[in-house]
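Coordinate inspection notes
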Amino acid sequence: EGAKAAVTMPRSFEQLELAGVGSGLRALGRPMQAVRMSLGGGSWVGEITGFGSPGVASRQCPRTVGQNFVEEELNRRYLELGGRFYRGARF
């Protein structure tokens with residue numbers, strides 16, 4: 001299962017720290033300054049910059065941590081705290 005989002009933003013890391021999973025996830029990703037954008041077809045159409053100097057002060061920076069890793073760590077932490085998952089199924 002691939003990532004639905006490939007980047008995790010600073011505010012999300014701050015909240016993940018409160019849940020007890022931020023530092024492990026932070027270590028997985030690389031800090032980023034810019035990203036390339038594609039509209040499909042295999043070619044890059046532009047670059048988005050400015051991630052290195054956000055308008056809001058934070059101890060964190062955007063990192064290349066996919067949503068699938070964030071979900072996996074949150075699931076692990078929830079189970080560690082005694083939570084139970086009930087997943088629905090479609091037939």
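We now turn to the structure provided with this report. (Residues numbered from 1 in each chain as written. Predicted model: local features only at pLDDT ≥ 70, side-chain atom pairs only at ≥ 80, totals over all residues. Heavy atoms only, no water.)

**What about the overall build of the protein chain?**
- Counting secondary structure elements, the protein chain contains three helices and two strands.
- Along the protein chain, helices (α) and strands (β) appear in the sequence α-α-β-β-α when read from the amino end.
- Out of the 91 residues belonging to the protein chain, those deemed buried represent 21%.
- Put simply, 64% of the contacts in the protein chain that link residues at least 6 apart link residues at least 24 apart.
- In the structure as shown, the protein chain presents an accessible area of about 6900 Å², 54% of it carried by carbon and sulfur atoms. (Helix = DSSP H or I, 4+ residues; strand = E, 2+ residues; numbered from the N terminus. Buried < 20%, exposed > 50% of the residue type's maximum accessible area, 1.4 Å probe, protein only. Contact = heavy atoms within 4.5 Å. Areas by Shrake-Rupley, 256 points an atom, 1.4 Å probe, with all protein chains shown as cover.)

**Brief notes about the pattern of salt bridges**
- Considering all chains together, one arrives at five salt bridges under this definition.
- In this structure, E80 and R77 form a salt bridge, with 2.4 Å as the shortest nitrogen-oxygen distance. Residue E80 and its partner R77 are located together in helix 3 (residues 67-80), separated by three residues, close to a single helical turn.
- Look at the salt bridges and you will find they share partners, linking E73, R76, R77 and E80 into a network. (Salt bridge = Lys/Arg side-chain N within 4 Å of Asp/Glu carboxyl O.)

**Here we look at helix 1 (residues 10-18)**
- Restricting attention to buried positions, one finds in helix 1 the residues P10, F13, E14 and L16. Buried residues along helix 1 cover an arc of 165 degrees about the axis, so they all sit on one side. Turned more than 90 degrees away from the buried face of helix 1 sit R11 and L18, all of them exposed.
- Packing partners of the buried residues in helix 1 comprise helix 2 (22-28) and helix 3.
- Just beyond helix 1, the residue with positive phi is G20, at close to 85 degrees. (Arc of directions from axis to C-beta.)

**Comments concerning the side chain of Q60**
- Mapped onto the elements, Q60 comes out in the loop between strand 2 (44-49) and helix 3.
- A polar atom in the side chain of Q60 sits 2.9 Å from the side chain of E17.
- Excluding residues within four positions of it along the chain, Q60 makes contact with P10, F13, E14, E17 and R26. (Polar contact = N/O pair within 3.5 Å; in protein donor to acceptor, adjacent residues only side chain to side chain.)

**So, the side chain of R63**
- With respect to the secondary-structure elements, R63 resides in the loop between strand 2 and helix 3.
- Here R63 occupies a buried position and makes no salt bridge, while the nearest side chain of opposite charge, E17, is found at 9.0 Å.
- A polar contact of 3.2 Å, which involves the side chain of R63, links it to the backbone oxygen of G29.
- In contact with R63, other than residues within four places in its own chain, are A6, V7, T8, F13, R26, G29, R30, P31 and M32. (Lys, Arg positive; Asp, Glu negative; His and termini not counted.)

**Some remarks on the nonpolar core**
- In this structure, F13, L16, V21, L25, V65 and V70 together form the largest nonpolar core, which totals six residues.
- Dropping the residues within four chain positions of it, V65 is found in contact with A5, A6, V7, T8, F13, L25, L28, G29 and V70. (Core = buried A, V, L, I, M, F, W, Y, C linked by side-chain atoms within 4.5 Å.)

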